Amino acid sequence: MSKKNKADLYLDVIALHKEVTGSCILCTVRFPNREKLKFIVDCGLFQEEKYQSSNYSFPFDPSEIDFALVTHTHIDHIGRIPKLYKDGFKGKTYTSKLAAELMPIALNNTAEILSSNIQKNSKKKVIVDSSIPVFDNSKPLFDSDDVANAMQNVIGKDFNTCFKVNDHVNVTLLKNGHTLGASCILVTIHYKGQEPINVLFTGDYSGSNSFFTVEDIPDKVKNLPINIVTESTYGTTSKNEINHVFEDLVINSIKNKETLIITLFAFGRMQEIKNVLKKLQDENLLSKDIKIYSDGKLAHEYDNFYTSHYEDLNIKNFMPENITPVNGFEQRNGVLADRDCKIILTTSGMGNYGPAQVYLPYYISSPKATIIFGGYTAENTLGRKLQEVQERWNI
Ligand SMILES: [Zn+2]
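In short, a report on the structure. Please read these numbers as outputs of a predicted model, since none were measured by experiment.

1. Focus: the packing of helix H9 (residues 328-337) against helix H10 (residues 356-363)
Taken N-terminus to C-terminus, the directions of H9 and H10 make an angle of 20°; their axes are 11 Å apart at the nearest point. Judged by the inter-axis angle, H9 sits roughly parallel to H10. Crossing geometry of H9 relative to H10 is assigned as right-handed. Of the residues in H10, those in contact with Arg 332, Val 335 and Leu 336 of H9 are Val 358, Tyr 359, Tyr 362 and Tyr 363. Its residues placed into classes, the contact of H9 with H10 shows 6 nonpolar, no polar and 1 charged.

Shown next as structure tokens:
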């Protein structure tokens with residue numbers, strides 16, 4: 001993206017995340033008149049334990065950022081947006097209209113988790129490792145007021161409609177199948193007398209989604225001289241292969257009269273898996289007599305979001321039959337006491353938070369239970385640790 005002549009229009013792109021989570025790409029435009037413009041694409045929370053301290057400061061001055069763009073509303077892509085505003089960012093954040101509606105759901109849930117973690121930590125004696133930068137862990141990274149403040153500056157835009165961010169930058173959001181409301185973001189930077197610079201930020205990209213149609217990237221975009229900045233997290237896995245393995249696991253576990261526990265991200269994957277179970281029921285591969293439990297407050301909020309946005313979706317009803325939402329401690333104990341063969345869908349996807357922390361220890365040693373982690377698990381999360389143990393012992 002840089003050009004040889006320093007007097008030319010020039011763009012630096014730096015990915016500031018060292019691993020899968022904490023997505024944040026810093027872009028610096030240098031104009032021929034020596035002026036500069038800075039923007040970021042995504043501003044996610046680091047979820048790997050060894051990078052947690054990186055959540056508490058930015059390797060740039062937030063007050064120098066002119067604007068932010070958001071590809072989608074997974075917390076590893078938006079989880080530090082409130083902190084960004086708290087630390088001095090004054091610009092606007094642009095994303096799709098659906099993502100702008102979804103953002104406060106995810107951010108308020110994270111604010112709740114951050115505050116309950118602080119309460120838990122204050123009850124423990126914390127041993128400080130001097131190799132880890134010291135940060136003030138008596139206050140959460142952000143709270144619901146910070147979320148409300150950030151959301152006042154978030155602007156939702158239509159897909160496929162170019163909009164002007166300022167005199168030199170145009171942006172177009174293209175629909176991305178990764179999640180509801182997700183975009184690939186085309187940024188065009190122009191300056192009089194210079195070749196424009198086109199960059200496509202894919203975010204976590206998927207060319208399909210079971211809930212809505214994803215059009216191919218338009219030819220007029222493909223034919224541009226373009227730079228592509230992509231995330232490779234899901235780059236080497238074939239969705240079809242995963243679907244087959246998953247469906248076989250469900251069918252075989254039920255055939256063996258087991259309890260099947262599936263940990264899922266509340267947003268997207270939870271609804272996708274419910275739809276797969278419904279499909280298996282419709283194809284008579286899964287009996288409608290098998291009870292399905294769905295546990296996780298945030299997952300229920302997203303389920304409601306999906307059902308209230310049918311106009312944006314191809315699938316009108318994704319709920320399998322015989323599904324019971326589980327709300328709270330008492331009902332959860334009832335699920336644990338149920339000795340029948342059943343399916344439990346639970347948050348969190350990586351097993352570190354939420355009701356998964358009750359189900360996983362309870363069923364981990366049961367010969368009549370199968371546990372499936374429904375998505376990526378970051379280093380040091382319960383999900384990753386269990387997978388590592390399984391690989392080490394080849395079980
Ligand atoms: Zn994602």
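2. Section: the environment of Ala 299
Note on placement: Ala 299 falls in helix H8 (residues 297-307). Sequence separation of Ala 299 and Asp 61 is 238 residues, and the distance between their C-alpha atoms is 35 Å. If near-sequence neighbours (up to four positions away) are discounted, Ala 299 is found in contact with Ala 266, Met 270, Gln 271 and Thr 347.

3. Some remarks on unusual backbone geometry
For the bond from Thr 347 to Ser 348, the omega torsion is 0°, close enough to zero to count as cis. With phi around 60°, Lys 257 is a residue other than glycine that occupies positive phi space. Relative to the elements of secondary structure, Lys 257 occurs in the loop between helix H6 (239-255) and strand S12 (259-263). Looking at Lys 257, the relative accessible area reads 61%, which means it is exposed. Positive phi values are uncommon outside glycine, yet Asn 284 reaches one of about 60°. By secondary structure assignment, the location of Asn 284 is in the loop between helix H7 (269-282) and strand S13 (291-295).

4. Things to note about the packing of aromatic side chains
Using the criterion set out here, one finds 13 aromatic pairs in the structure. On the numbers, 5.4 Å between centres and 40° between planes, the contact of Tyr 94 with Phe 163 is tilted. Taken together, the residues Tyr 94 in strand S5 (residues 92-96) and Phe 163 in strand S7 (residues 163-166) connect sequence positions 69 residues apart. These aromatic residues form a ring-pair network of at least three members: Phe 39, Phe 67, Tyr 94, Phe 163 and Phe 201.

5. Details of the coordination of the zinc ion
Protein coordination at the zinc ion: the donors are His 72 (NE2), His 74 (ND1), His 178 (NE2) and Asp 204 (OD), at 2.2 to 2.4 Å from the metal. The motif formed by the donor residues of the zinc ion, counted along the single chain, is H-x1-H-x103-H-x25-D. In this pair, His 72 is assigned in the loop between strand S4 (67-69) and helix H1 (75-78) and Asp 204 in the loop between strand S10 (197-201) and helix H5 (219-222), connecting sequence segments 132 residues apart. With respect to class, His 72 is no different from Asp 204; both count as buried.

6. Brief notes about the pattern of salt bridges
Within the structure shown, the criterion is met by 17 salt bridges. Glu 64 is the partner of Lys 38 in a salt bridge, and the nearest nitrogen-oxygen pair spans 3.1 Å. With Lys 38 in strand S3 (residues 36-41) and Glu 64 in the loop between S3 and S4, the pair connects residues that are 26 residues apart, well separated along the chain. Take Glu 64: its relative accessible area is 43%, and that puts it in the partly exposed class. Taking the shortest distance from any N to any O, the salt bridge between Asp 340 and Lys 291 comes out at 2.9 Å. Placement of the pair is Asp 340 in the loop between H9 and strand S15 (342-346) and Lys 291 in strand S13, with a sequence separation of 49 residues. According to the relative accessible area criterion, Asp 340 is partly exposed, its value standing at 41%.

7. Observations regarding the pairing of S13
On any regular strand, side chains alternate: one points to one face of the sheet, the next to the other face. Extensive coverage of S13 is indicated by the burial of 4 of its 5 residues. Note that S13 and S15 share 5 bridges and pair parallel. From the neighbouring strand, Asp 295 faces S15, where its bridge partner is Thr 346. In this sheet, strand S14 (residues 323-326) lies alongside S13 in parallel orientation, the contact comprising 4 bridges. Bridged to Ser 294 within S14 is Pro 325. Crossover connection from S13 via H8 to parallel S14: handedness right-handed.

Parameters and conventions
Residues numbered from 1 in each chain as written. Predicted model: local features only at pLDDT ≥ 70, side-chain atom pairs only at ≥ 80, totals over all residues. Heavy atoms only, no water. Axes fitted to C-alpha atoms, helices over the stretch in contact; angles between N-to-C directions. Helix = DSSP H or I, 4+ residues; strand = E, 2+ residues; numbered from the N terminus. Parallel < 35°, antiparallel > 145°, perpendicular 65-115°, else oblique. Left-handed = near helix turned anticlockwise from the far one by under 90°. Contact = heavy atoms within 4.5 Å. Nonpolar A, V, L, I, M, F, W, Y, C, P; charged D, E, K, R; others polar. Buried < 20%, exposed > 50% of the residue type's maximum accessible area, 1.4 Å probe, protein only. Phe/Tyr/Trp six-rings, centres within 6.5 Å; stacked < 30°, edge-to-face > 60°. Donors = N, O, S within 2.8 Å, 3.2 Å for Na, K, Ca; no water. Salt bridge = Lys/Arg side-chain N within 4 Å of Asp/Glu carboxyl O. Pairing = 2+ DSSP bridges. Right-handed = clockwise from strand over helix to strand, strands pointing away.

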